[in-house]
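Structure assessment
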Amino acid sequence: MNDQTGSNRTESQAEAEERLRHGSSFGVAATAYAEHRPDYAEAAVRWALEPVREAPPVRVVDIGAGTGKLTATLVRLGADVTAVEPDPQMLAELRRAMPEVRSVPGSAEEMPVPDASVDAVLAGQAMHWFDMSRAMPEIARVLRPGGVFAGLWNVDDDRVGWVADLAEMSKRKASTTLLRWRDGAGRSGQQRLLEAGSGLFYAAEEGEFGHGQARTADSLLATIATHSHLLVMNEAERAGLLAQVRDFLRTRPETSNGEFTLPMVTVALRARRR
């Protein structure tokens, strides 16, 4: 093994460890996540399910369901939903809020779902936590032929000046905003789908759907506090960043006078099972 190969392997392992560290951080904030995180644009969810809506009720697995933000929209649209979530605290919050929904522990890499038994698998704000090389074959296993897999993300609309400033301050350059999505993150996501699902799925499609959220300075601050990069910070660093964001929100004219609309977009990728 040459040095370059060893370096690549170490980097891949480090990336996997970082993904797991961030992805497993949400349980401690499950209640705040349920209260403050936004739902998803209904138009985006309808678009994700469009290829399989000919035979309702659509059977859907919400993978990485968290506290049920996407689950609730799917239920409202009449889908037959199974929520799958690996974190016990997040799953408990989902069950408390929606006891009527079928919910089970599991992950994208290991779903307690029978073969070819569902029309769609959806992931809200979760696909970037998956080990895609294992998740895509597992997702393909549970989907019927012609079924659809879709990932959805809420991103800040940084075409708006103050939103761009806030995103730069609070989420660091690695976090996805609408313009960063268009510049490469969306295409990167498509490429991961195509590579991991090669031979199992048709080419991925992409959609964008406007989704403004009513917020106050305090509620937006609480939402930002549930993001993974803050949850894994040490307490002093986290408190310092939140104080900086608080000052920003309380001094900007767009956000300092009661309720305002946070401009967001739900972006989505979908791919059909061969």
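Everything here concerns the structure above.
The structure displayed is predicted, hence computed values, not measured ones.

1. Some remarks on the overall build of the chain
Counting its regular elements, the chain contains eleven helices and nine strands. In the chain, which comprises 274 residues, the share counted as buried stands at 53%. Contacts in the chain between residues far apart in sequence, at least 24 positions, make up 74% of those at least 6 positions apart.

2. Section: the pairing of strand β1 (residues 59–63)
Most of β1 is tucked away: four of the five residues are buried. After leaving β1, the chain enters helix α4 (residues 69–76) and then returns to the sheet as strand β2 (residues 80–85), a path that is right-handed. Two strands pair when backbone bridges link them, and β1 and strand β4 (residues 118–124) are joined in this way by three bridges, in the parallel orientation. Its bridge partner lying in β4, Val 61 is registered against Val 121.

3. Observations regarding the packing of helix α9 (residues 217–224) against helix α11 (residues 235–251)
The relative placement of two packed helices comes down to the angle between their axes together with the axis-to-axis distance. Here α9 crosses α11 at 150 degrees, and the two axes come no closer than 10 Å. If you check the angle between α9 and α11, you find them roughly antiparallel. The interaxial crossing formed by α9 with α11 has right-handed handedness. Here Ala 217, Asp 218, Leu 220, Leu 221 and Ile 224 of α9 come into contact with α11, specifically with Leu 242, Val 245, Arg 246, Leu 249 and Arg 250. Residue composition of the contact of α9 with α11, by class: seven nonpolar, no polar and three charged.

4. A look at the nonpolar core
Grouped together as the largest cluster of nonpolar side chains are 31 residues, with contacts concentrated most on Ile 63, Val 121, Met 127, Phe 130, Ile 139 and Phe 149. Put simply, the parts of the chain that give this core at least two residues each are β1, β4, α6 (132–142), β5 (143–156), α8 (178–196) and β9 (264–272). Take this core: its biggest share by element is six residues, from α6. Core analysis: the second largest hydrophobic core is formed by 22 residues, Val 52, Leu 70, Ala 120 and Leu 122 among them.

5. Comments concerning the pattern of salt bridges
Under the defined criterion, the tally for this structure stands at 18 salt bridges. Between Arg 102 and Asp 80 there is a salt bridge, with the nearest N and O atoms lying 3.0 Å from each other. You can see Arg 102 sitting in strand β3 (residues 102–105) and its partner Asp 80 sitting in strand β2, a full 22 residues away along the chain. Its relative accessible area of 31% is what places Asp 80 among the partly exposed residues. Between Asp 157 and Arg 159 there is a salt bridge; the shortest N-O distance is 2.7 Å. Taking the relative accessible area as the measure of exposure, Asp 157 reaches 9% and is therefore buried. Because the salt bridges share partners, they merge into one network encompassing Glu 54, Arg 59, Asp 119 and Arg 144.

Reading guide: rules and limits
Residues numbered from 1 in each chain as written. Predicted model: local features only at pLDDT ≥ 70, side-chain atom pairs only at ≥ 80, totals over all residues. Heavy atoms only, no water. Helix = DSSP H or I, 4+ residues; strand = E, 2+ residues; numbered from the N terminus. Buried < 20%, exposed > 50% of the residue type's maximum accessible area, 1.4 Å probe, protein only. Contact = heavy atoms within 4.5 Å. Right-handed = clockwise from strand over helix to strand, strands pointing away. Pairing = 2+ DSSP bridges. Axes fitted to C-alpha atoms, helices over the stretch in contact; angles between N-to-C directions. Parallel < 35°, antiparallel > 145°, perpendicular 65-115°, else oblique. Left-handed = near helix turned anticlockwise from the far one by under 90°. Nonpolar A, V, L, I, M, F, W, Y, C, P; charged D, E, K, R; others polar. Core = buried A, V, L, I, M, F, W, Y, C linked by side-chain atoms within 4.5 Å. Salt bridge = Lys/Arg side-chain N within 4 Å of Asp/Glu carboxyl O.

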